[in-house]
Each structure stands twice: as C-alpha cells, then as structure tokens.
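A look at the structure
The primary structure of each chain is shown beneath.
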Amino acid sequence: MNDRLQALVLTSLLLLAPPMALPADEKVEEPDDGMRNCISVSRIRNTEVVDDLNVLFYMRGSRIYHNILPRRCPGLAREKRFSYRVSGSSLCHMDSIQVLYSYPGGFNDGPTCSLGYFQEITKEDAEGILEGTDDEPQPNPLPPAEPEDMTPEADEES
C-alpha cells in the first residue's frame, strides 16, 4: 500500500509540474525570411517535383511551400515521386524523403534525401519556378574564324 501511495504522489507531482523548457541554446526557432521548419502532413494536398533540388508542397487552402533540398537528390526529377515517414504530424526541415522508382510490379526505394526549410510562396512564384524548368539551353555557337586567322603564318606569329 505504501508503494502505491508513493507512486500516486509522484505521478500527481509530475502532472502538476510546469513543462520543462529546453535551454536557450537548444530551442528550435523558425528561420528568418518567412521560412518554416515544418508543415502539417494532414494539410498537404499534393506535391510537385521541380527538379533534383526543388519540390513544391501545395496545401489545403491556398498556401504553397517551396522546399530547396540542401543537396541534389539523384533520380527525383526523373521519377517525380517520393515517399516520406514522419513520427508526428509534421514534415520538417531535415526529415527525409525517398525517391520511388517505378517498375512493372510496383515501386522500388531509391535514394534518401534530406529536406530543406519550407518557404511560403505565391501561386505566381510557383508558376514561375515551374516555367523556368521548361527552358532548354540555347546553343551559342562561336563565330566562324576569319580566313587570315587560318593561314600557317598566323600560327607562327603567335
């Protein structure tokens, strides 16, 4: 009976105690410039892979978040699909996504890549990011050499 009473008292004290705060140097703060550490998984409507470094997260409502991965994620642009696992209800900076390779019977796991911060952007910004990926590099040919530059004595002079 004494042990049960001690356990009850100890449990009561723990429930009444104020939550412990992390030391100031360990607090997780939102970065500057409108970036966020995390977004709610239940609010993600869909995602759009831009390339191996950029993913757009379209949220329920009208918010859009641009995530720039800290490192290139091989295969992400080609496959345009990924999975993620979260331990809580948020997808956060430095959580991982995993490229999903398609094959005739389903999907295989590809590279695992860390997420960056989530930057809220406008619909126009998202359209601009997506349009920028369609631009193919244009060739920039060198001008033809002048005939006098092609003579053997021109090589001897230099």
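Shown above is the structure to which this text applies.
An account of the accompanying structure is given in this report. From a predicted model like this one, the values you see are computed outputs, not experimental measurements. (Residues numbered from 1 in each chain as written. Predicted model: local features only at pLDDT ≥ 70, side-chain atom pairs only at ≥ 80, totals over all residues. Heavy atoms only, no water.)

**Digging into the sheet that holds strand β8 (residues 96-103)**
Strand order in the open sheet formed by three strands is β6-β8-β9, and the pairing between neighbours is antiparallel. Sheet topology places β6 (82-84) and β9 (106-114) at the edges, where each strand pairs with a single neighbour. Ignoring which end each strand starts from, the neighbouring axes of this sheet average 35 degrees apart. Pairing of β8 with β9, which is carried by seven bridges, proceeds in the antiparallel orientation. Across the sheet, the residue bridging to Ser-96 is Ser-114, located in β9. (Pairing = 2+ DSSP bridges. Helix = DSSP H or I, 4+ residues; strand = E, 2+ residues; numbered from the N terminus. Axes fitted to C-alpha atoms, helices over the stretch in contact; angles between N-to-C directions.)

**Looking at the state of the cysteines**
One pass over the structure, following the stated rule, counts two disulfides. Paired by a disulfide, Cys-38 and Cys-92 hold their sulfur atoms 2.0 Å apart. Looking down the S-S bond of the Cys-38 and Cys-92 bridge, the torsion is 110 degrees, so its handedness is right-handed. Taken as a pair, Cys-38 in strand β2 (residues 38-40) and Cys-92 in strand β7 (residues 90-92) lie far apart in primary sequence, 54 residues in all. By relative accessible area, which is 22% here, Cys-38 ends up partly exposed. Put simply, Cys-73 and Cys-113 are joined by a disulfide, and their sulfur atoms are 2.0 Å apart. Sign of the S-S torsion, about 85 degrees for the bond between Cys-73 and Cys-113, identifies this disulfide as right-handed. Of this pair, Cys-73 sits in the loop between β5 (64-68) and α2 (76-79) while Cys-113 sits in strand β9; the two residues are 40 residues apart in sequence, bridging distant segments of the chain. (Disulfide = S-S within 2.5 Å. Buried < 20%, exposed > 50% of the residue type's maximum accessible area, 1.4 Å probe, protein only.)

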